[in-house]
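Structural characterization, general
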Amino acid sequence: MKPEEKKKLANRIFWKLFLCLFIAFFALYVSEATGYYEFEQHKRVTLTQEKIKQFEQDIAEGKHVDIKDYMGEREINYQTKISNMGLKLSEGIGKYVQEGLDATFKFLNQLMEE
C-alpha cells in the first residue's frame, strides 16, 4: 500500500469515527436537554410513593406482607444470542491473551535467570 493510500484510509477512518462519536454525543445531549432522564426518575419516585402507600394500607388492614409484592421489576434480562456469542468470544480471546502473556513473562523470566 502506498503512503498516500494509507493516509487517505487513515483520514477516512478518523472522520467516520469522529462522526459516530459526534452522533452519540448529540443523542445524549438531546436526551438530557429534553429532560428524558429527569422524567424517568420522576416515574420511579411516583411508583415508589404509590407502593409505600399500598404497603402502609396493607399493614393497617393486617394483610400478609411480602417485599416482592412492593418491589418493581428489578431484574431485567438483556441477554440475546448475539450478546451471548460476544461474551463467549471475548472470554475465548481473553483466555488466549492470558496464556500468551503468561508464556511471554515465563520466557522473560528464564532470560533474566540465565
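Right, let's walk through the structure included here.

Conventions adopted
- Residues numbered from 1 in each chain as written.
- Predicted model: local features only at pLDDT ≥ 70, side-chain atom pairs only at ≥ 80, totals over all residues.
- Heavy atoms only, no water.
- Helix = DSSP H or I, 4+ residues; strand = E, 2+ residues; numbered from the N terminus.
- Rg over C-alpha atoms; globule rule 2.2 N^0.38 Å.
- Areas by Shrake-Rupley, 256 points an atom, 1.4 Å probe, with all protein chains shown as cover.
- Lys, Arg positive; Asp, Glu negative; His and termini not counted.
- Charge placed at Lys NZ, Arg CZ, Asp CG, Glu CD.
- Expected span 1.5 Å × (residues − 1).
- Salt bridge = Lys/Arg side-chain N within 4 Å of Asp/Glu carboxyl O.
- Buried < 20%, exposed > 50% of the residue type's maximum accessible area, 1.4 Å probe, protein only.
- Phe/Tyr/Trp six-rings, centres within 6.5 Å; stacked < 30°, edge-to-face > 60°.

**Comments concerning the overall build of the protein chain**
Helix and strand content of the protein chain: 4 helices and 0 strands. Order of helices (α) and strands (β) in the protein chain, N terminus to C terminus: α-α-α-α. Taken over C-alpha atoms, the radius of gyration comes to 27 Å for the protein chain, far larger than the 13 Å a tight globule of 114 residues would show. Taken over the C-alpha atoms alone, the protein chain extends approximately 80 × 45 × 30 Å along its principal axes. When the accessible surface of the protein chain is split by element, carbon and sulfur atoms take 63% of a total near 11300 Å². A distance of 11 Å separates the average location of the 17 positive side-chain charges in the protein chain from that of its 18 negative side-chain charges.

**A few points about helix 1 (residues 3-33)**
Between the first and last C-alpha of helix 1 there are 44 Å, a value that for 31 residues agrees with the 45 Å anticipated at 1.5 Å per step. With its phi angle positive at about 80 degrees, Gly35 sits one or two positions after the end of helix 1.

**A word on the pattern of salt bridges**
Evaluated as defined, the whole model comprises 2 salt bridges. The partner of Asp58 in a salt bridge is Lys63, and the shortest N-O contact between them spans 3.8 Å. With a relative accessible area of 10%, Asp58 lands in the buried category. Classification of Lys63 by relative accessible area gives partly exposed; the value is 48%. In this structure, the salt-bridge partner of Lys63 is Glu61, at a minimum N-O distance of 3.4 Å. Through salt bridges that share partners, Asp58, Glu61 and Lys63 make up one connected network.

**Concerning the packing of aromatic side chains**
The description of an aromatic ring pair uses the distance of the two centres, along with the angle that the planes make with each other. Under the defined criterion, the tally for this structure stands at 5 aromatic pairs. Both rings, one in Phe14 and one in Phe18, keep their centres 6.3 Å apart while their planes meet at 20 degrees; by these two values the pair is stacked. Of the two residues, Phe14 and Phe18 both sit in helix 1, 4 residues apart, roughly one turn of that helix. Since its relative accessible area comes to 43%, Phe18 is described here as partly exposed.

**Observations concerning the environment of Ser83**
Examined against the element boundaries, Ser83 turns out to sit in helix 4 (residues 81-113). In this structure, the C-alpha to C-alpha distance between Ser83 and Gln54, residues 29 residues apart in sequence, is 38 Å.

**Quick notes on the environment of Asn77**
Take Asn77: it is sitting in the loop between helix 3 (67-70) and helix 4. Looking at Asn77, the relative accessible area reads 59%, which means it is exposed. A sequence separation of 14 residues divides Asn77 from Glu91, and the C-alpha atoms of the two residues are 20 Å apart.

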